Amino acid sequence: MVEEQLRGRDIVDERVLAAMERVPRELFVPEGERHRAYADAALPIGHGQTISQPYMVARIAEALGLSGGEKVLDVGTGSGYQAAVLAELADEVHTIERIPELAEQARKNFAAAGYDRVQVHLGDGSLGLPEEAPFGAIAVAAAAPGLPELLYEQLEPRGRLAVPVGGRWGQRLEVIVRSPEGPAVVHSVPCRFVPLVGEQGFRK
Ligand code: SAH
């Protein structure tokens, strides 16, 4: 996976590549999907949701430019895989999921894979997590119709937000830096994520 899907494409950050080597992806997919845990694809995790494609997880992790001391927010826990990768790269990771059963399963996945330090929250992550803000970086694994302003406002100065922005069926992964002049888009690639359902997302 790391050699062909990540290094073989354009992931160059050695810390990210090492993190992707370390996290056991098979422990974050349902049992029936384990044989394709390392496939170059998103996989179903129930409730109409997916665990993101490894490449997208690495792309987001790389785009956040983490150096190790950050407090990070991961919106859309799903399986918990992205949060586990971020936990390898930052100091403190909070993750928020709106579907209770997925949050519960993610807690089990974290325990099985040794990532109990990831803090799981239940709620509408399109509003961020004000009680834990500010964050050095925020990763969103679901598509928003526009830049979620409340998330941007929960960034530290120079903090980075990675979020798929666009329509329901196709988006661009935008990487935005909080700067004194306002949101600065530093990077943008086409992608396709499940919708962010919430107040600052799609209404269902
Ligand atoms: N990062 C996940 C990807 C999960 S897919 C992984 O690695 O497995 C996106 C997730 O976002 C889904 O679980 C979905 O339920 C969740 N989601 C969608 N809208 C949300 C919202 N407003 N708040 C929190 N979670 C949300």
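Going along each chain's sequence as written, the residues are numbered from 1 onward. Where local features are concerned, this predicted model is filtered to residues with pLDDT of at least 70; where side-chain atom pairs are given and counted, the filter is 80 or more; whole-chain, interface and lining totals use all residues. As a rule here, side-chain values come from all non-hydrogen atoms in the structure, and water together with hydrogens is ignored.

K.L.:
An account of the side chain of Gln82 is needed here, citing residue identities and associated values.
P.N.:
Only DSSP runs of H or I with at least four residues qualify as helices, and only runs of E with at least two residues qualify as strands; both kinds are numbered from the N terminus onward. Its place among the elements puts Gln82 in helix H4 (residues 81–89). If near-sequence neighbours (up to four positions away) are discounted, Gln82 is found in contact with Val57, Ile60, Ala61 and Asp74. Whether two residues are in contact is decided by their heavy atoms: any pair within 4.5 Å suffices.

K.L.:
Any details on the packing of helix H3 (residues 54–63) against H4? Residues and values, ideally.
P.N.:
Simply put, an axis is a line fit to the C-alpha atoms, just over the touching stretch for a helix, and the angle between two N-to-C directions goes from 0 to 180 degrees. Running from N to C, H3 and H4 point in directions that differ by 35°, and their axes come no closer than 10 Å. You can see that H3 and H4 cross each other, and the crossing is right-handed. Between H3, through Val57, Ile60 and Ala61, and H4, the contact on the second element is made entirely by Tyr81, Gln82, Val85, Leu86 and Leu89. Each residue is assigned to one of three groups, with Ala, Val, Leu, Ile, Met, Phe, Trp, Tyr, Cys and Pro labelled nonpolar, Asp, Glu, Lys and Arg labelled charged, and all others, Gly among them, labelled polar. Of the residues belonging to the contact of H3 with H4, the class tally is 7 nonpolar, 1 polar and no charged. Crossings are classed by handedness, with left-handed meaning an anticlockwise turn of the near helix from the far one by less than a right angle and right-handed meaning a clockwise turn.

K.L.:
Talk me through the sheet that holds strand S5 (residues 119–122); I want residue IDs and the actual numbers.
P.N.:
Paired strands are those between which DSSP finds at least two bridges. In spatial order, the strands read S5-S4-S3-S6-S7-S8-S9; together these 7 strands make up an open sheet with mixed pairing. Whereas interior strands pair on both sides, the edge strands pair on one side only; in this sheet they are S5 and strand S9 (184–191). On average, each strand axis in the sheet is tilted by 15° relative to the strand beside it, whichever way the strands run. Bridge analysis of strand S7 (residues 155–167) against strand S8 (residues 170–177) gives 8 bridges, and the strand direction is antiparallel.

K.L.:
So what's going on with the pattern of salt bridges? Which residues, and what values?
P.N.:
One side-chain nitrogen of Lys or Arg within 4 Å of one carboxyl oxygen of Asp or Glu is enough to make a salt bridge. In total, this model carries 10 salt bridges according to the counting rule given. Note that Glu3 and Arg7 form a salt bridge whose closest N and O atoms lie 3.3 Å from each other. Here Arg7 and Glu3 lie together in helix H1 (residues 2–7), a separation of 4 residues that amounts to about one turn. Arg7 serves as the salt-bridge partner of Glu14, at 3.0 Å between the closest nitrogen and oxygen. Between buried and exposed lies partly exposed: a residue is buried under 20% and exposed over 50% of the maximum accessible area for its type, with that area taken using a 1.4 Å probe on protein chains only. Since its relative accessible area comes to 35%, Arg7 is described here as partly exposed. One network of salt bridges, with partners in common, ties together Glu3, Arg7 and Glu14.

K.L.:
Describe the pairing of strand S4 (residues 92–97), naming the residues involved and giving the relevant values.
P.N.:
Two faces, one strand: in a regular strand the side chains alternate between the faces of the sheet. Of all 6 residues that make up S4, 5 are buried, and the element is covered over most of its length. Pairing geometry for strand S3 (residues 71–75) and S4, over 5 bridges, is parallel. Counted as the bridge partner of Val75 is Ile96 from S4. Across 4 bridges, the pairing between S4 and S5 is parallel. In the strand pairing of S5, Thr95 is matched with Val120. Considered for its hand, the β-α-β crossover made up of S4, helix H5 (residues 100–113) and S5 is right-handed. Crossover handedness is defined here as right-handed if the route from the first strand over the helix to the second strand goes clockwise, with the strands pointing away from the viewer.

K.L.:
Lay out the nonpolar core in plain terms, naming residues and giving numbers.
P.N.:
In this description, a nonpolar core means a group of buried Ala, Val, Leu, Ile, Met, Phe, Trp, Tyr and Cys residues linked to one another through side-chain atoms lying within 4.5 Å. Formed by 51 residues in total, the largest nonpolar core has its most connected members in Met20, Phe28, Val85, Phe110 and Tyr115. Among the secondary structure elements, those contributing two or more residues to this core are H1, helix H2 (14–22), strand S1 (43–46), H3, H4, H5, strand S6 (135–140) and S8. Each residue touching Phe110, except ones within four places of it in the same chain, is listed here: Phe28, Thr77, Gly80, Ala83, Ala84, Thr95, Tyr115, Asp116, Val118 and Val120. Counting residues in hydrophobic clusters, the runner-up holds 17 residues, among them Val75, Leu129, Leu151 and Leu196.

By themselves, these figures tell us nothing about what the structure is for.
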